[in-house]
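Structural characterization, general
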Amino acid sequence: MTGGAVTGFEDAYGYAPEGVWSAPGRVNLIGEYTDVNEGHVLPVALPQRTRVAAAARTDGVLRLRSRDVPGPAGLPLDGLAPGRVTGWAAYPAGVAWALREAGLPVGGADVYVESDVPAGAGLSSSAALEVATALALTELHGAAPCDRPALARLAQRAENAFVGVPCGVMDQTASACCVPGHALHLDTRGPALRQVPFDLAAHGLRLLVVDTRVRHALADGAYAARRAGCEAAARALGVRALRDVPYGELEAALGALADPALRPLVRHVVTEDERVRDVVALLAAGEPRKAGPLLTAGHASLRDDFAVSCPELDLAVAVANGAGALGARMTGAGFGGSALALVEEGGAEAVGAAVTAAFAAAGHRPPRVFAAVASGGARREFPGDGGGEVGVRGEEEPAGPP
Ligand code: ADP
Ligand code: MG
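The notes below deal with the structure included here. (Residues numbered from 1 in each chain as written. Chains lettered and ligands numbered in written order. Predicted model: local features only at pLDDT ≥ 70, side-chain atom pairs only at ≥ 80, totals over all residues. Heavy atoms only, no water.)

Notes on the site of ligand 1
Our working definition: Residue proximity to a molecule or strand is established when one non-hydrogen atom of the residue lies within 4 Å of it. Nitrogen and oxygen atoms within 3.5 Å of one another constitute a polar contact, given that in protein one can donate a hydrogen and the other can accept it, and given that sequence-neighbouring residues count only through two side-chain atoms. Shrake-Rupley sampling with a 1.4 Å probe provides the accessible areas, and residues are treated as covered by the protein chains on show and by no other component. Grid points spaced at 1 Å and placed over the protein atoms alone form the basis of the search, with a cavity being a set where a 1.4 Å probe fits but cannot get out and a pocket an open set showing protein on both sides within 12 Å along at least five of seven lines. Lining residues have an atom within 4 Å of a point. Here the criterion for a molecule occupying a pocket or cavity is that more than half of its atoms lie within 2 Å of the pocket grid points.
Neighbouring ligand 1 are 17 residues, the closest being Ser 66, Asp 68, Gly 120, Ser 125 and Ser 126. Within the side chain of Ser 66, an N or O atom sits 2.7 Å from a nitrogen atom of ligand 1. For ligand 1, an oxygen atom lies 2.8 Å from a polar atom in the backbone of Gly 120. For ligand 1, whose unbound accessible area comes to 570 Å², protein coverage reaches 79%. Structurally, ligand 1 is housed in the largest pocket.

Laid out in structure tokens, this is it:
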């Protein structure tokens with residue numbers, strides 16, 4: 001797996017890298033737009049990873065190359081500032097900038113990137129790139145062992161402040177902190193981070209991911225508009241964030257909102273936060289099948305109340321459920337990207353085939369369908385002692401009933 005990255009580095013720079021670090025993409029099981037309301041999320045690390053082969057440089061220059069995206073870059077670290085770097089190089093350059101801004105002794109490096117995380121599919125190839133780069137740069141320069149949630153926050157800062165994408169902290173935390181066979185229950189107000197058993201194969205289940213391979217143009221504007229709507233609703237309700245509206249007080253809160261346009265946003269966030277906690281309880285109780293209807297309810301909420309779905313995502317979800325899935329939903333910010341479906345092991349193929357056929361019949365591009373096994377977070381791949389897992393493991397949910 002790491003051989004390609006080593007060879008790619010050698011071809012690019014003419015010498016051997018000091019190491020290869022990797023970080024996974026993620027799929028969010030449930031908890032959409034809750035992270036930007038300081039609520040709960042439940043992502044799972046994908047088997048697909050981004051690998052960064054790197055070696056330290058002593059001249060303060062960051063050289064960047066990717067197998068997957070053209071445009072090598074050579075950037076003096078001292079000149080880095082938000083807005084100065086465009087294109088894909090902004091992600092790794094932003095990480096170097098954020099680490100240095102945080103006072104970590106990170107210097108120059110030669111960096112070579114390759115990834116099998118589909119880019120732009122709502123599966124967080126950006127976070128995978130940031131987190132793998134952050135781990136590489138901190139280890140190369142012997143920067144003080146920054147714990148994983150802190151590393152994730154610095155990667156988020158790179159994306160927010162340097163690249164200019166106003167994402168929450170979920171993606172980077174999943175990529176940095178997930179452990180195999182578990183979903184990550186994250187309270188984004190923090191610092192709570194719990195590893196919840198998610199060994200679907202042991203239950204005869206599979207998690208299918210359907211990458212619709214579409215991304216509608218309104219995605220970025222809609223994301224910002226929904227966030228602004230949520231902030232306006234929180235202000236109107238006199239709370240710091242919508243996660244502070246208790247589920248039991250939802251109706252009263254809706255009644256108190258003068259602007260009717262804000263009500264569906266609040267209803268989505270408050271019910272979605274509750275669904276995350278319900279799914280966590282079911283997984284912890286060893287009842288993953290029962291989570292299916294909650295996934296589908298989450299989709300309806302995103303489609304009808306939060307209004308961030310699109311025809312391709314609605315089709316994937318409806319067809320998956322019609323073909324026997326236990327539940328399905330769009331995942332990620334919406335307007336394209338990916339959906340997920342919880343399916344019986346024996347029914348996985350039929351569900352995938354039904355979605356693919358429905359896309360063809362509707363005249364959509366063929367979707368990319370794959371089964372996701374809950375994988376591990378960022379690590380050093382080479383030379384190999386696994387790179388340590390300092391601060392990764394959260395409290396494990398008890399396996400019995402809650
Ligand atoms: P997502 O995170 O859902 O995949 P984003 O738009 O947030 O989508 O991030 C995708 C961007 O991240 C790409 O356009 C590219 O700039 C960068 N990126 C991701 N993977 C790679 C890679 N292997 N090489 C270079 N850049 C990458
Ligand atoms: Mg992204």
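Read on for the rest.
Thoughts on the sheet that holds strand 11 (residues 336-344)
Defined as follows: Whether two strands pair depends on DSSP finding at least two bridges between them. Each helix is a run of DSSP H or I of at least 4 residues and each strand a run of E of at least 2, with the numbering of both proceeding from the N terminus. Only the stretch in contact is used when fitting a helix axis, every axis being a line fitted to C-alpha atoms; angles between N-to-C directions are given from 0 to 180 degrees. Pairs of residues are marked as contacts when any of their non-hydrogen atoms sit within 4.5 Å.
As summarised here, the arrangement of the four strands in space is 10-11-9-12, forming an open sheet in which the pairing is antiparallel. Edge positions in the open sheet fall to strand 10 (327-331) and strand 12 (368-371), since each of these has one partner strand only. Direction aside, the axes of adjacent strands within the sheet are offset by 20° on average. Two elements, strand 9 (residues 205-215) and strand 11, share eight bridges in a ladder whose sense is antiparallel. Counterpart to Arg 215 in the pairing with strand 11 is Gly 336. Packing of helix 11 (residues 348-361) onto the sheet brings it into contact with strand 9, strand 11 and strand 12, and relative to strand 9 it is tilted by some 15°.

Let's talk about the layout of surface pockets
Keep this limit in mind: Grid points are joined across faces, edges and corners, and a volume is the space filled by probe spheres set on the points. Side-chain classes are defined by residue name, with Ala, Val, Leu, Ile, Met, Phe, Trp, Tyr, Cys and Pro counting as nonpolar, Asp, Glu, Lys and Arg as charged, and the others, Gly among them, as polar. As used throughout, domain bounds are those supplied by an automatic or database domain assignment.
Put simply, the largest pocket is a space of about 1,100 Å³. What lines the largest pocket is a set of 42 residues, among which Gly 120, Ser 124, Ser 126, Glu 159 and Arg 215 lie closest to the centre. Taken together, the elements giving at least two residues each to the lining of the largest pocket come down to strand 6 (109-115), helix 3 (125-140), helix 5 (170-177), helix 6 (219-237) and strand 11. Per-element tally for the lining of the largest pocket: the top contributor is helix 6, with four residues. Considering only residue class, the lining of the largest pocket consists of 19 nonpolar, 15 polar and eight charged. Composition of the lining of the largest pocket by domain shows at least three residues from each of domain 1 (2-194) and domain 2 (197-372). The computed volume of the second largest pocket comes to approximately 460 Å³. If you go around the second largest pocket, you meet 25 residues; those closest to its centre are Asp 35, Glu 38, Val 169, Thr 188 and Arg 189. Listing elements by their share of the lining of the second largest pocket, those giving two or more residues are helix 4 (148-163), strand 7 (182-187) and helix 6. By residue number, the principal contributor to the lining of the second largest pocket is helix 6, which donates four residues. Looking at the lining of the second largest pocket residue by residue, the classes come out as eleven nonpolar, six polar and eight charged.

So, the packing of helix 4 against helix 5
Rules: For classification, angles of less than 35 degrees are called roughly parallel, those exceeding 145 degrees roughly antiparallel, those between 65 and 115 degrees roughly perpendicular, and all remaining angles oblique. Here is the rule for handedness: rotate from the far helix to the near one, and if that takes an anticlockwise turn smaller than a right angle the crossing is left-handed, while a clockwise turn gives right-handed.
Two elements in contact, helix 4 and helix 5, have axes whose closest approach is 8 Å; the angle formed by their N-to-C orientations is 140°. Looking at the two axes, helix 4 sits oblique to helix 5. In terms of crossing hand, the pair formed by helix 4 and helix 5 is right-handed. Packed against helix 4, whose contacting residues are Arg 148, Pro 149, Ala 152, Ala 155, Gln 156 and Glu 159, the element helix 5 presents Gln 172, Thr 173, Ala 176 and Cys 177 at the interface. Counted by class, the contact of helix 4 with helix 5 contains five nonpolar, three polar and two charged residues.

Brief notes about helix 1 (residues 3-13)
Going by this rule: Each residue gets one of three labels from its accessible area relative to the maximum for its type: buried under 20%, exposed over 50%, partly exposed in between, using a 1.4 Å probe on protein chains only. Each direction from the helix axis to a C-beta atom contributes to the arc, which is the arc of those directions.
Within the span of helix 1, buried status applies to Ala 5, Val 6, Gly 8, Phe 9 and Tyr 13. Down the axis, helix 1 shows its buried residues gathered within 165° of arc, on one side only. At its buried positions, helix 1 is contacted by strand 1 (19-28), strand 3 (43-56), strand 4 (61-66), strand 6 and strand 13 (379-382). Looking one or two places after helix 1, you find Gly 14, whose phi comes out positive at around 80°.

Quick word on the pairing of strand 3
Regular strands place side chains that alternate from one sheet face to the opposite one. With twelve of 14 residues buried, strand 3 is to be regarded as a mostly interior element. Here strand 1 pairs with strand 3 via nine bridges, running antiparallel. Each residue of the ladder has a partner; that of Gly 19, found in strand 3, is Ala 54. Pairing geometry for strand 3 and strand 6, over seven bridges, is antiparallel. Paired with Val 52 across the strands is Val 113, a residue of strand 6.

Some remarks on the pattern of salt bridges
What counts is decided by this rule: Whenever Lys or Arg places a side-chain nitrogen within 4 Å of a carboxyl oxygen from Asp or Glu, that contact is recorded as a salt bridge.
All chains considered together, the criterion is met by 28 salt bridges. Between Glu 272 and Arg 275 there is a salt bridge whose closest N-O contact spans 2.9 Å. Highlighted residues: Glu 272 and Arg 275, both in helix 8 (residues 263-284), separated by three residues, approximately one helical turn. Of the charged contacts in the structure, one is a salt bridge between Arg 303 and Asp 304, with a shortest N-O distance of 2.8 Å. Where salt bridges share partners, they join Arg 51, Arg 67, Asp 68, Glu 114 and Asp 116 into one cluster.

None of the figures reported here should be taken as evidence of function without further support.
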